[in-house]
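Below, each chain spelled out in residue letters.
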Amino acid sequence: MRRRILISTLLTVALTALFLGGPLALATWQLVEDFTRAELTQRLEQVTETVEEYGTGAQSRRLVEAAIPPNSRLVVLPPDGVPIAYGVASVDDPVTETLPFGPGGIMELSQPTSVMRSQQTQVVAVVVLLVGFSVTVGTGVAVYTARRLSDPLRDLAARAARLGAGDFRRSPARYDIAELDRVSEVLDSSATALSQLLHRERSLVGDVSHQLRSRITALQLRLDELACHPDPDARREANAALEQTERLTAVLDDLLESARAARAVGAEPVDLAEAVADAEREWRGPLTAAGRSLKVRVPDGLLARVTAARLREAIGVLVDNALQHGDGPVTIAARTGENALLVEVSDTGPGVPEDLVPHVFDRGISAQSSTGLGLALARTLVEADGGRLELSRARPPVFRLYLPAARTDDVAAAAPVPDRTGPR
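Reading the values: rules and limits
Residues numbered from 1 in each chain as written. Predicted model: local features only at pLDDT ≥ 70, side-chain atom pairs only at ≥ 80, totals over all residues. Heavy atoms only, no water. UniProt positions renumbered as here; feature names shortened; annotations may be inferred. Patch = residues over 30% accessible without salt bridge, like charges linked within 9 Å, V, L, I, M, F, W, Y side chains within 5 Å. Areas by Shrake-Rupley, 256 points an atom, 1.4 Å probe, with all protein chains shown as cover. Salt bridge = Lys/Arg side-chain N within 4 Å of Asp/Glu carboxyl O. Helix = DSSP H or I, 4+ residues; strand = E, 2+ residues; numbered from the N terminus. Core = buried A, V, L, I, M, F, W, Y, C linked by side-chain atoms within 4.5 Å. Buried < 20%, exposed > 50% of the residue type's maximum accessible area, 1.4 Å probe, protein only. Contact = heavy atoms within 4.5 Å. Pairing = 2+ DSSP bridges. Axes fitted to C-alpha atoms, helices over the stretch in contact; angles between N-to-C directions. Phe/Tyr/Trp six-rings, centres within 6.5 Å; stacked < 30°, edge-to-face > 60°. Lys NZ or Arg CZ within 6 Å of the ring centre and 35° of its normal.

Under an unreviewed UniProt entry, the name given to the chain is Signal transduction histidine-protein kinase/phosphatase MprB, and the source organism is Pseudonocardia spirodelae. Listed in UniProt under the heading Catalytic activity (unreviewed entry), the comment for the chain reads: "ATP + protein L-histidine = ADP + protein N-phospho-L-histidine." As recorded by UniProt, the Subcellular location (unreviewed entry) comment attached to the chain reads in full: "Cell membrane".

Below, the structure is given as structure tokens:
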């Protein structure tokens, strides 16, 4: 993008310099010649006045030679007399102007062309310098404009990619360009709408799943009772109905598993040490500026099946929450749990007030003046990959992420294939 903007702007500047600078140089070249001839004509008029007033005597010669340019030659051709010459004996490659004088006389003034050519060259050089300066300024403006446009566009493209990856955080970045700021605001609004839509969808799926399982369980209990009925036909029908309910339960499980797999379609084996290292590089500076430290305890070899961008953003939200509302050092630790990998983010601050503990992940709930969207967003990001985020301890606060561990076949598929080619 930057290269295309830069090339198009420079091409415009170059064409403008060519189509304006070229004619301007030719015009100034011709203008210097016109000025030179006009000056010669003016001097001839002065000499004419002198000769008409003083004649052609010695006093007149002194005045005439003082009036003509250096290295020039003036020839006075009276109508019936001998030509009278002033100045140098001869002029090579002259620029000549004539003027009628008296009844039938002519005055002819010649000046070396080199004088005029020197002036023309100087003026054209000034034009070239001005055009070159304009091109330089245009190049600087093109570079600045290309950077000013391409960097925000690249940033907006990255934000759109993060939005597609499930990162619904709003961005405060604005670019002082009305159109790009409008796009940024639309992305923020879309992120909020998508996050709310995803949250409602998952809540609905969870509620529907819970209600269906409850109803199916109640139905199975009733059918179990009917399966013990003394009537053989009733028992047979009850067993057939039980078989159908079991199939319905299996279908429900398959649908829920498919929904979870669809949400985590971008999940892949991610090394927790690398993901936490990225978060550490991002947040160590702000924590240090606030007079706090960041401790990381993540062993090597822990592979979670998640989306790397979502995991980094979720950890970033928790660290930012600890920075804004906590105190003391912030600790990120990871370990292996029974059925998942555990990542804990904690600090030594006062923690979550008792009345906010049940609602800490609800949208709009905050202990201070923040928006109350961060923790809800973090939970949404984690759940999108089939994980879970919980407040493990309120005071001091410990937030725990339960992440699905990478399966053996995932790790094998992600491992690079060794190059077995070699000399034969």
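Chemist: Hey, could you run me through a nonpolar patch on the surface in this one?
Modeler: A contiguous nonpolar surface patch, about 430 Å² in accessible area, is contributed by Leu11, Leu15, Leu18 and Phe19. Along the polypeptide, Leu11 turns up in helix H1 (residues 2–54).

Chemist: Which parts of the structure should I look at to understand the nonpolar core?
Modeler: Nonpolar side chains in soluble globular proteins generally cluster together in the buried interior. Leu272, Leu311, Leu401 and Leu403 are the most contacted members of the largest nonpolar core, which has 42 residues in total. When contributions to this core are tallied by element, the ones reaching two or more residues are helix H6 (272–289), strand E7 (303–306), helix H7 (308–325), strand E8 (330–336), strand E9 (341–346), helix H8 (374–384), strand E10 (388–393) and strand E11 (398–403). With eight residues, H7 is the largest single contributor of residues to this core. Leave out the neighbours within four places in its chain, and Leu403 touches Leu272, Ala304, Val306, Leu311, Ala340, Leu341, Val343 and Val382.

Chemist: What should I look at first to understand the sheet that holds strand E4 (residues 105–112) in this one?
Modeler: Read from one edge of the open sheet, four strands run E2-E1-E4-E3, paired in antiparallel fashion. The strands lining the two open edges of the sheet, one partner per strand, are strand E2 (84–87) and strand E3 (94–101). Strand-to-strand twist of the sheet, defined as the mean angle between neighbouring strand axes without regard to direction, takes the value 15°. Direction of pairing for strand E1 (residues 73–77) relative to E2: antiparallel, over a ladder of four bridges. The residue of E2 that forms the bridge with Arg73 is Gly87. The strands touched by helix H2 (residues 58–67) are E1 and E2; relative to E2, the strand with the most contacts, the crossing angle is about 50°.

Chemist: Explain the packing of aromatic side chains here, please?
Modeler: To describe a pair of aromatic rings, one takes the distance between the centres and the angle between the planes. Considering all chains together, one arrives at one aromatic pair under this definition. An angle of 85° between the planes, with centres 6.0 Å apart, marks the rings of Phe361 and Phe399 as edge-to-face. Of this pair, Phe361 sits in the loop between E9 and H8 while Phe399 sits in strand E11, and the two are 38 residues apart along the sequence. Taking relative accessible area as the criterion, Phe399 reaches 4% and is therefore assigned buried. A cation sits over an aromatic face here: Arg379 above Phe361, 4.0 Å from the ring centre. When the ring centre of Tyr402 is taken as reference, the NZ or CZ atom of Arg388 above it lies at 4.0 Å.

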